[in-house]
Amino acid sequence: MKFSLFIHMERYADKSYQTLFQELCELVQIAEAGGFDKVWIGEHHGMQYTASPSPLQQLAYLAAKTERIRLGAGTFVAPFWNPLRLAGEAAQLDVISNGRLEFGIARGAYQYEFDRLTPGLKSSEGGKALREMVPAIRALWQGDYAHDGEVYQFPTSTSVPRPVQPIPPMWIAARDPNSHDFAVANGCNVMVTALMKGDEEVADLASKFDTACANHPEMSRPELMLLRHTYLHEPSDPEGWRVGAEGLQLFYRHFMGWFKNEEPVVDGYMPPVSKEAVAENPEFSLESLRRNMMVGTPEEVVSRLKSYEELGITEYSFWSDNTLSFEEKKRSLELFIRKVVPHFS
């Protein structure tokens, strides 16, 4: 099993963006030194709690600050892009980094962003752009290509520059069976997340992936990456898990606020749903978050990761977003590197 770091600048107060980015870079450098294979940074617009309008800018900077770790966009939101522009900009990162680009793409999720970047388009309809984007970008990376689709139309064009890698690895964020099937049929790796749900959801996602692979025996089996909120504490502090669970409870209250999209947004801040509003939802209890998220001691985390390996998951992504301080994130990541990673080397 390979490991990766999934990270954004999280902003909840008046901490400067410069400081937040410096902290992000330090965590990435720690991950690289600790043997992590990749870093992933997503695309989000107008949202302080995931301040990340351009993963490419951040990854290009990180290319100069790192030596080995691969640089993943996790993920580009397909409906927000033109295929020719995205092909060229992503290829430029591959040139800058000497062939370290990992290209992740998704249909998008937050209606708040769609209302501002693609007015009139429902987030649930973003899959049309995704399905056209993937083969178009792959073709543009290889040479001249014209496209006449339902979403995109353009005359013969090519990606300038071309990527260093002949075809950079492509990843699709998948949840439903059709997304898994499309990814496997198109030679793409798959990234999944169970969000607040437990390991039964992880097993279900792995099963959907297995079914897609079985449906396409003509294709080589792609990689399967699981993204999971991760927080470690020392065995000497048996109540240490509460810090992580409380941080993640607040994170998912913010998450739900953005998905409900019912409150006014001021300066990029959406109020989190209240504790009272989620009090009857068992997924928000601290005990449930401890059980469902990757929250625990190194020994507990190793055991669960071994079970994920048995499900066929080839990469585990340490999701660092959790509303906690930089110091807590750093401590947890370093503990993971010291006490968990060696069990998988």
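For the structure itself, consult the block above.
This one's a predicted model, so the numbers in the text were calculated from it and none came from an experiment.

**Student:** Would you take a moment to explain the overall build of the protein for this structure?
**Tutor:** The secondary structure content of the protein amounts to twelve helices and eleven strands. Intrachain contacts of the protein at a sequence separation of at least 6 include 72% that bridge at least 24 residues. Approximately 14700 Å² of the protein is accessible, and the part contributed by carbon and sulfur atoms is 51%. Once the 34 positive and 47 negative side-chain charges of the protein are each reduced to a mean point, those two points are 1 Å apart.

**Student:** Even after reading the chapter, I still don't get the packing of aromatic side chains, so can you show me in this structure?
**Tutor:** In this description, an aromatic ring pair is defined by two values, namely the gap between the centres and the angle between the planes. Taken as a whole and judged by the stated rule, the model has 24 aromatic pairs. Consider the rings of F6 and W319, whose centres lie 5.6 Å apart with planes at 75 degrees: the pair is edge-to-face. One end of the pair, F6, is in strand β1 (residues 2-6); the other, W319, is in strand β11 (residues 315-319), and 313 residues separate them in sequence. In this structure, F6 and W319 share a single accessibility class: buried. Ring centres of Y49 and F251 lie 5.5 Å apart, and the angle between their planes is 40 degrees; this geometry places the pair in the tilted category.

**Student:** What's the story with the environment of V190 in this structure? I'm lost.
**Tutor:** Checked against the element boundaries, V190 lands in strand β8 (residues 189-193). Residue class for V190 comes out buried when judged on its relative accessible area of 0%. For the pair formed by V190 and I172, sequence separation is 18 residues and the distance between their alpha carbons is 5.1 Å. The contacts of V190, once residues within four sequence positions are left out, are W171, I172, A174, H180, A183, F209, E223, L224 and M225.

**Student:** I'm lost on the pairing of strand β6 (residues 153-157) in this one. Help?
**Tutor:** For a regular strand, the rule is simple: side chains alternate between the two faces of the sheet. Sheet analysis places strand β5 (residues 145-148) next to β6, joined by three bridges and oriented antiparallel. When the bridges of β6 are listed, D148 appears paired with Q153. Hairpin geometry of β5 and β6 is characterised by an intervening segment of four residues between the two adjacent antiparallel strands.

**Student:** What should I look at first to understand the layout of surface pockets in this one?
**Tutor:** One water molecule sets the probe size; rolling that probe over the atoms shows where empty space is left. Approximately 1100 Å³ is the volume found for the largest pocket. In terms of lining residues, the largest pocket is bounded by 43 residues, among which A106, G108, A109, A173 and T193 are the most central. Here the element with the most residues in the lining of the largest pocket is helix α5 (residues 127-142); it accounts for four residues. Class assignment of the residues belonging to the lining of the largest pocket gives a composition of 20 nonpolar, 14 polar and nine charged. Size it by volume and the second largest pocket reaches roughly 250 Å³. Taken together, 19 residues form the lining of the second largest pocket, with E10, L20, E23, L324 and K329 sitting closest to its centre. Counting only elements with at least two residues in the lining of the second largest pocket, the list comes to α1 (17-33) and α12 (326-339). No other element matches the four residues that α1 contributes to the lining of the second largest pocket. When grouped by side-chain class, the residues that make up the lining of the second largest pocket number nine nonpolar, four polar and six charged.

**Student:** How should the nonpolar core be read in this particular structure?
**Tutor:** Within soluble globular proteins, side chains that are nonpolar tend to cluster in buried spots. By size, the foremost hydrophobic cluster in this structure holds 82 residues, and its most contacted members are F36, I105, L305 and F336. If you tally residues by element for this core, the top one is α1, at eight residues. Those residues in contact with F336 that lie beyond four places of it in its chain are F3, F36, T230, L232, V301, L305, Y316, F318 and V341. Core analysis: the second largest hydrophobic core is formed by 29 residues, L248, F255, V278 and F284 among them.

About the cut-offs
- Residues numbered from 1 in each chain as written.
- Predicted model: local features only at pLDDT ≥ 70, side-chain atom pairs only at ≥ 80, totals over all residues.
- Heavy atoms only, no water.
- Helix = DSSP H or I, 4+ residues; strand = E, 2+ residues; numbered from the N terminus.
- Contact = heavy atoms within 4.5 Å.
- Areas by Shrake-Rupley, 256 points an atom, 1.4 Å probe, with all protein chains shown as cover.
- Lys, Arg positive; Asp, Glu negative; His and termini not counted.
- Charge placed at Lys NZ, Arg CZ, Asp CG, Glu CD.
- Phe/Tyr/Trp six-rings, centres within 6.5 Å; stacked < 30°, edge-to-face > 60°.
- Buried < 20%, exposed > 50% of the residue type's maximum accessible area, 1.4 Å probe, protein only.
- Pairing = 2+ DSSP bridges.
- 1 Å grid on protein atoms, 1.4 Å probe; cavity = no way out; pocket = protein on both sides within 12 Å on 5 of 7 lines; lining within 4 Å.
- Points joined across faces, edges and corners; volume = space filled by probe spheres on them.
- Nonpolar A, V, L, I, M, F, W, Y, C, P; charged D, E, K, R; others polar.
- Core = buried A, V, L, I, M, F, W, Y, C linked by side-chain atoms within 4.5 Å.

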